[in-house]
Amino acid sequence: MAILRVRPRFEYGNTRLRVRRLDRMGEKQLSELMGRDVDGLLGALASTALRAEAEAALARGGGVRLLNAALRGHEARELESMRGFYSETALHLVDLLLARFDLHNLLVLLRGALRSADEEQVLDEIIPVGAFTDLLVREMVRQHEPAAVVSLLAGWELPDVVTARATVDAFATYERDGNLGQFESTITAAHTGWVVGELDDLGREAVDLRASLARSVDETNVIALLRLRSALSRREMSKLPDVAPWLPGGGIVTSTLESALRQAEDTEAAALLSASARYLDSPLEAWSRDGDVARTQRALEQQRVLNEISLFRRGDPSGIAIPIAYVAELALETRNLRVLAQGAALGTSPGDLDGQLLLPKARR
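What counts and what doesn't
- Each chain carries its own residue numbering, running from 1 in the direction its sequence is written.
- In keeping with the model being predicted, local features are shown solely for residues with a pLDDT of at least 70 and side-chain atom pairs are shown and tallied solely at 80 or more, while totals for entire chains, interfaces and linings include all residues.
- To get the side-chain values, take all heavy atoms of the structure and skip hydrogens and water.
- Numbering of helices and strands starts at the N terminus; helices are DSSP runs of H or I of at least 4 residues and strands are runs of E of at least 2.
- Only protein chains enter the area calculation, which uses a 1.4 Å probe; residues under 20% of their type maximum are buried, those over 50% are exposed, and those in between are partly exposed.
- Should any heavy atoms of two residues lie within 4.5 Å, those residues are considered in contact.
- Note that accessible areas follow from Shrake-Rupley with a 1.4 Å probe, and for residues the cover is restricted to the protein chains shown.
- In what follows, salt bridge is the name for a side-chain nitrogen of Lys or Arg lying within 4 Å of a carboxyl oxygen of Asp or Glu.

The protein is annotated in an unreviewed UniProt entry as ATPase of Cryobacterium sandaracinum.

(A) Focus on the overall build of the protein. On a plain count of helices and strands, the protein comes out with 20 helices and 0 strands. Principal-axis analysis of the C-alpha atoms gives the protein an extent of 55 × 55 × 50 Å. Across the 364 residues that make up the protein, the buried fraction comes to 44%. Considering only contacts within the protein whose residues lie at least 6 apart along the sequence, 63% involve residues at least 24 apart. Here the protein displays about 18,100 Å² of accessible surface, and carbon together with sulfur accounts for 50% of that area.

(B) Inspection of the pattern of salt bridges at higher detail. The final tally for this structure, using the stated rule, is 27 salt bridges. One salt bridge in this structure joins Arg7 and Asp316, with 3.1 Å as the shortest N-O distance. Remark: Asp316 occurs in the loop between α18 (311–314) and α19 (321–346) and Arg7 occurs in the segment before α1 (11–20); sequence separation between them is 309 residues. Residue Asp316 is classed as partly exposed on the basis of its relative accessible area of 29%. A salt bridge links Arg210 to Asp200; the shortest N-O distance between them is 3.1 Å. Separated by 10 residues along the polypeptide, Arg210 in helix α13 (residues 207–233) and Asp200 in helix α12 (residues 180–202) bring together distant segments of the chain. Each of Arg7, Arg204, Glu205 and Asp316 takes part in salt bridges that share partners, so that together they form one network.

(C) Expanded view of the environment of Glu175. Mapped onto the fold, Glu175 is located in helix α11 (residues 161–177). Here Glu175 falls in the exposed class, since its relative accessible area comes to 55%. Along the sequence, Glu175 and Ala275 sit 100 residues apart, while their C-alpha atoms lie 41 Å from each other.

Shown next, in the form of structure tokens:
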């Protein structure tokens, strides 16, 4: 007998997110923030949805470090609050959407431990959302040995049991070869594979999130490929790495990535990749002309974020599409405010800042 699955309940949460969209800053509000110094920017943000974080930063003396902390804190508060709108399977899907922050925080903690970084420097990079609560993070940054951090991760199975086990194994390999890049790649691949497996198990309810993750994976793999080609052409590497850097779960199959990596000409590599994903056409055409990997990465990130935000109008209004769009729009706002923060710290002119902001199309 067929088992009927009850659809996850997204209606209440999605309605709340649509209302919260009204707090996002548009072109007019962002333009009004240009030209201010750091504390002037904090003062202006105190009259927005960032009021609590901005006022706390001003009370502690202001400055660019506290401004950036306010932006991180606001993003994390919005995301944690969003989780409270959902339960059961819907909440599980939202947590899988937010799993990227678990990976970010995990890598921040490991890098800090390996480099014996100052505790405050590590805490400055943490985005307090998801598995790594403030209490757990502070306990980890107090450890003085990388092995102690890895032991805590294993004991607490953070951020999930699969990634925790992979971290233990990767650390053992790192202690032998000291290859930090491979260490982080192994952990990232394990975590990505875990998320992919969870989404595949959820079936049709996870289709939009699975597609979003696949595009993000493709973006990461393509940029890794371009960097490898650049390093080989400049003779910064004598041979390809023994272990392929490709993350699992993308739409571009491994054989296509391997073939593109070995093409003699950049135009041939670009054509192979674009045939698998048409949205790569314009960014890779530009890359094949100028070889600018950093610009290509920015272009791909911008395309993906705007595509995710468009789910507000084209996605399933009673599914995970709305949280995907909301998280993307919040991330875009945070990114634009970071641009303004950096501009305030460096005294960048409003005209130069305007070209660095990324604004989605008018809301519908």
